[in-house]
Amino acid sequence: MNFELPHEHQMLKDLVARFVRDQLMPLEASVMARETAGQGAYLDQAETARVDAASREMGLWGLDAPEEVGGMNLPMVAMVGVGEELGRTVVPYYLPPDSPNLRMLMVAADERQRVAYLEPYVRGETISAIGISEPGAGADPQGMTTTAVQDDDDWIINGRKIWITKGAEADFTILMAVTDKNPNGRNGMSAFLVDRGTPGFNVLRKIPMIDGTATYEIALDDCRVPGWKLLGKRGQGFAPMQVRLGTRRIEMASWSIGMAQRAMEMMVEYAPQRSTFGKPLSARQTVQNWISDAATKIHAMRLMTYDCAWKIDEGRDTRSEISMIKAFCTESAYDIVDHAMQLFGGMGMTRELPLYLMSNKLRTMRIYDGPSEVHNWVVARNLLGTSD
């Protein structure tokens, strides 16, 4: 077995590392200053334009998009390396297009939808969002109450959606709704492409999150969507949605590796510099254990995530592996960052280091796209062969 990245994928990882070092790291101070001032953690328009131009010039757009629509068609294994490097910075930036919605479109869009939605998305001309969770239905999609009812050639959607990233600025939202009520089984849910400005698509409120980002709550009030914007087949939206969720979960695992690696490097650099009671922190067994534990967990996180990515590329069933890495990597990275904050003492409690934003981002990731407890349950359920 070869545990090394193929040469071309390692070259890409190194290129992304250079992009992060040269383009994103210099912006961390500005991002943290805005968050400290209560404005949120974000790049302003000028910064985004510069970073977009740099990443496009470096050939970092459309990495996993199909070649026929201008992408590079890279496998998931390559994208893990990309995510790992992007995770090293608290600057919130995604290389266009954002992979989860991209991959959902790739598996479900018909030819008309590919031209109208997928191709502009790959070119970076549009922003997308996803609407799955509801005020009363989060990790359990069977609790979904938003409905879509056919009216001649159109669909009429009613309900509520919450925790939608980019819900107000997205050009289109992939919206999940129940189209078929099945009393003796799973309700049939479908996906719809809903454009910004569609009558009945109403942004109710912006919800600030603890990591400096924001999500939105949206109301669907007799929202009429043309029939051709049904994404995939009626009642069969669960499988494409799982492709989307699986992609985000492996991204989160990759980002967690990057954050954990940076936090460990900060500990290794700082521990010999600070002395207490006549000894450097690096001589304290507790600190040594923190660093050893971090290195061990990062090694395990990396191997698990690349293994899962390789199996996805091979077309294997990875439901258990995705749940394993999503829970293990986010929880492990959170502990590693917390130990780094403890090691830095009072400075670790400030907003002058990136550790607090890393910690808050990991705290949200332990909930987003399924809390750790649900993923642990999924793994156990698959092993035990039970449905509940």
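The structure presented is a predicted model; accordingly, all values stated were derived computationally and were not measured.

On to the packing of helix α9 (residues 319–343) against helix α10 (residues 355–365), then. Their axes nearest at 9 Å, the elements α9 and α10 cross at an angle of 155 degrees. Judged by the inter-axis angle, α9 sits roughly antiparallel to α10. When you trace α9 past α10, the crossing you get is left-handed. Of the residues in α10, those in contact with K326, T330, A333, Y334, V337, A340 and M341 of α9 are L355, Y356, M358, S359, L362, R363 and M365. Of the residues assigned to the contact of α9 with α10, the class counts are 10 nonpolar, 2 polar and 2 charged.

Position of T173 among the secondary structure elements: in strand β4 (residues 172–180). Note on T173: relative accessible area 1%, which makes it buried. Ignoring anything within four residues of it in the chain, the contact list for T173 reads A129, I130, G131, F192, L193, V194 and F201.

On the surface, a cluster of nonpolar side chains totalling about 430 Å² of accessible area is made up of M1, F3 and L303. With respect to the secondary-structure elements, L303 resides in helix α8 (residues 285–313). Since its relative accessible area comes to 37%, L303 is described here as partly exposed.

Our focus in this paragraph is helix α5 (residues 99–108). Helical geometry note: an α-helix holds 3.6 residues per turn, so side chains three or four residues apart project in the same direction. Along α5, 8 of the 10 residues are buried, which leaves the element largely enclosed by surrounding structure. Inspection of α5 places S99, P100, N101, L102, R103, M104, L105 and A108 among the buried residues, and these make up the whole buried set.

Take the packing of aromatic side chains next. For the structure on display, the rule yields 7 aromatic pairs. Ring centres of Y94 and W255 lie 5.8 Å apart, and the angle between their planes is 55 degrees; on these two criteria the pair is classed as tilted. Within this pair, whereas Y94 is found in the loop between α4 (76–86) and α5, its partner W255 is found in helix α7 (residues 238–270), the two being separated by 161 residues in sequence. Among the residues examined, Y94 registers a relative accessible area of 35% and is labelled partly exposed. On the basis of an interplanar angle of 15 degrees and a centroid distance of 4.2 Å, the ring pair of Y270 and F344 is categorised as stacked. Of the two residues, Y270 is situated in helix α7 and F344 in the loop between α9 and α10; the sequence distance between them amounts to 74 residues. The class of Y270 is buried, set by a relative accessible area of 17%. A relative accessible area of 9% means that F344 is categorised as buried.

The rules we used
Here the residue numbers are simple positions, counted from 1 along each chain's written sequence. For a predicted model such as this one, the threshold for reporting local features is a pLDDT of at least 70, and the threshold for listing and counting side-chain atom pairs is 80 or more; totals across whole chains, interfaces and linings nevertheless cover every residue. Side-chain descriptors were evaluated using all non-hydrogen atoms of the structure, hydrogens and water having been removed beforehand. Axis geometry follows a simple rule: fit a line to the C-alpha atoms, using only the stretch in contact for helices, then measure angles between N-to-C directions, giving values from 0 to 180 degrees. What counts as a helix is a DSSP run of H or I of at least four residues, what counts as a strand is a run of E of at least two, and both are numbered from the N terminus. Here is the rule for angles: anything less than 35 degrees is roughly parallel, anything more than 145 is roughly antiparallel, 65 through 115 is roughly perpendicular, and the remaining ranges are oblique. Each helix crossing is assigned a hand: it is left-handed if the near helix lies turned anticlockwise from the far helix by less than a right angle, otherwise right-handed if that turn is clockwise. Contacts are residue-level and defined by heavy atoms, with any inter-residue pair within 4.5 Å sufficient. Under the scheme applied here, ten amino acids are nonpolar (Ala, Val, Leu, Ile, Met, Phe, Trp, Tyr, Cys and Pro), four are charged (Asp, Glu, Lys and Arg), and all others, including Gly, are polar. Accessibility here uses a 1.4 Å probe with only protein chains present; expressed as a share of the type maximum, an area under 20% marks a residue as buried, one over 50% as exposed, and anything in between as partly exposed. The patches described consist of residues with a relative accessible area above 30% and no salt bridge, like charges being joined within 9 Å and nonpolar side chains (Val, Leu, Ile, Met, Phe, Trp, Tyr) within 5 Å. For every accessible area listed, the method is Shrake-Rupley and the probe measures 1.4 Å; residues are considered covered only by the protein chains on display. What counts as a salt bridge is simple: a side-chain nitrogen of Lys or Arg found within 4 Å of a carboxyl oxygen of Asp or Glu. Pairs were defined over the aromatic rings of Phe, Tyr and Trp, the Trp ring being its six-membered one, requiring ring centres within 6.5 Å. Orientation was assigned from the angle between planes: stacked under 30 degrees, edge-to-face over 60, tilted for the rest.

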